[in-house]
Amino acid sequence: MNFSLYSSIIDQLRQPEIIRLNYSGESTSHPSLLDAIRLAHQTGAFTELVTALASYPEERIPTLVTSGLDRLTVSLHTMDDEQFSRVYRFSSLEVMRAKLRTLIECQRRLRVQKPIADFAFVAMHENLGQLNSVAEYAQTLGIKNISVHPVIRRAGIPAQFGLELVGNRLQPTFKRDLADAIREAVRNFPGVEISSSTAELQPDCPLDSRPRRHTGPLPNGAWISTCDQNPWETVHILANGDVVPCEVQDQMVLGNLNMQPLASIWHGEAYQTFRDRYQVGQITPCQTCPYKLAYYPSALASSISAKDGNNSQLLGGWYQTEGEILWSKQRSAAVLAGGTGKRHLYIKGILPSFPDSDGVRLSIWCNDRTVATIANHSSEQRGFELSVRLPETAPLFYIRFATDRPYRPSAYGFDDVRELSFALSHIEVK
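To start, this report covers the structure provided alongside it. No experiment lies behind these values; they were computed from the predicted model shown. (Residues numbered from 1 in each chain as written. Predicted model: local features only at pLDDT ≥ 70, side-chain atom pairs only at ≥ 80, totals over all residues. Heavy atoms only, no water.)

### Quick look at the overall build of the protein chain
The secondary structure content of the protein chain amounts to 10 helices and 23 strands. Taken over the C-alpha trace, the protein chain has a radius of gyration of 23 Å; the compact-globule value for 430 residues is 22 Å, and the two agree within 12%. With the principal axes as the frame, the protein chain shows a C-alpha extent of 70 × 50 × 50 Å. The buried share of the protein chain, reckoned over its 430 residues, is 47%. For the protein chain, long-range pairs separated by at least 24 residues make up 68% of all intrachain contacts whose partners lie at least 6 apart in sequence. Carbon and sulfur atoms make up 50% of the accessible area of the protein chain, which amounts to about 21,000 Å² in all. Across the protein chain, the mean location of the 43 positive side-chain charges is 4 Å away from that of the 45 negative side-chain charges. (Helix = DSSP H or I, 4+ residues; strand = E, 2+ residues; numbered from the N terminus. Rg over C-alpha atoms; globule rule 2.2 N^0.38 Å. Buried < 20%, exposed > 50% of the residue type's maximum accessible area, 1.4 Å probe, protein only. Contact = heavy atoms within 4.5 Å. Areas by Shrake-Rupley, 256 points an atom, 1.4 Å probe, with all protein chains shown as cover. Lys, Arg positive; Asp, Glu negative; His and termini not counted. Charge placed at Lys NZ, Arg CZ, Asp CG, Glu CD.)

Structural data, given as structure tokens:
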């Protein structure tokens, strides 16, 4: 990507959560990589990079460590020298290992934990037997996480991966072998968290009104709640400035940043039409995407409880449920059914704590009117129950939440890289 275009994109972002500086190809070959990382870091976003690392100049590694990069994911698919050379073609396994040692030694010398280093293992039929060796290497280095990504087809690449894929889904035999390989590596190296990016390894649950992972074809009448790259919270920008919905649909251009500002594309007719069709399951690739959450639409309720699991009335800005709480991002929204006599909004939740005295303040809006604020300036999490009288009755209540700062556990030594606002337990209009 032209650096002036990249700089323009960064200038147009407003409080981004995560910026990932990679797509297809080797991002470390960009001549302005370090400047790109610094600009992304200055936005306050968690900045990530995926690289094979082997072709990156070793003398630049100390500068990479101090660039502001938050996560460095090393793409590593084998510990076999010959297989590594065949897959990567531009370097060798030993060169990659030497550069990773340099990076870790530099972090130790500088006494810094960033960037967090982890591995991405692209699983293919030919390298499944190498997952154990990659996990052993990770454990030796003190790397705690390996994400396993089944190979996907990309336009313009001749390889069809017939042993792994049928359409955009895993072949049954490959799915079985992949699950077996992950289980074996988890058993042999319990100190390394090994996770698969696809839900295809688990059986689908029957669909109901609660959004659930559904890897199979979308049933008639079902809608899509979200996915890993949903069109309300993520945007993909290619090197030529094309804005596309996701990595699978990188031929569907919704606008180009050489011709329009990002806000015009994001709020434009093409994106809005895509979102509308995405939600009701009319986008063909999305119908069979294994990363979607699907549900059957039903009448809106006047309450949401985190203990009941995911809820389609949570409109955006939420993480998956964790038992009896549901963490939100810095901005989030929900919709509740109203009606005659419903004039009180009840919320039960938790505000995080910060080690400084500035604390955190949560603001709440109902139908675009501010109805409450609540703060936590203590050194402990604050549980709260809030009941406010609403200005008027309405058939629907759109509730928005925002905190004045996000809580990032990774900033305090935890592995959790989420950007948290508050934890919701229950919300209801009465």
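### Brief notes about the sheet that holds strand E11 (residues 236–237)
Taken in spatial order, the three strands make up an open sheet running E11-E12-E13, and their pairing is antiparallel. Edge positions in the sheet fall to E11 and strand E13 (255–256), since each of these pairs with one other strand and no more. Judged from the two bridges that link them, E11 and strand E12 (residues 242–244) form a sheet pairing that is antiparallel. If you follow isoleucine 237 over to E12, its bridge partner there is valine 243. (Pairing = 2+ DSSP bridges.)

### What to know about the packing of aromatic side chains
A full pass over the atoms with the stated rule returns 12 aromatic pairs. Relative to tyrosine 295, the ring of tryptophan 223 lies with its centre 6.4 Å away and its plane at 70°, an arrangement referred to as edge-to-face. Residue tryptophan 223 is located in strand E10 (residues 223–226), and its partner tyrosine 295 is located in strand E14 (residues 293–295); the two are separated by 72 residues in the primary sequence. When the ring of tryptophan 232 is compared with that of tyrosine 278, the centres are 5.4 Å apart and the planes differ by 75°; the resulting orientation is edge-to-face. Taken together, the residues tryptophan 232 in the loop between E10 and E11 and tyrosine 278 in helix H9 (residues 269–279) connect sequence positions 46 residues apart. A residue is classified by how much of its surface remains accessible, and tyrosine 278, at 3% relative accessible area, is buried. Site record: aromatic cluster; members linked through ring pairs are Trp318, Phe384, Phe401 and Phe422. (Phe/Tyr/Trp six-rings, centres within 6.5 Å; stacked < 30°, edge-to-face > 60°.)

### Considerations on the layout of surface pockets
In this structure, the second largest pocket occupies an estimated 470 Å³ of space. Forming the boundary of the second largest pocket are 18 residues, of which Gln113, Ile116, Ala117, Gly142 and Lys144 lie nearest the centre. Contributions of two or more residues to the lining of the second largest pocket are made by helix H5 (93–110) and strand E4 (116–123). Tallying contributions element by element places H5 first for the lining of the second largest pocket, with three residues. Partitioning the lining of the second largest pocket into residue classes produces eight nonpolar, six polar and four charged. (1 Å grid on protein atoms, 1.4 Å probe; cavity = no way out; pocket = protein on both sides within 12 Å on 5 of 7 lines; lining within 4 Å. Points joined across faces, edges and corners; volume = space filled by probe spheres on them. Nonpolar A, V, L, I, M, F, W, Y, C, P; charged D, E, K, R; others polar.)

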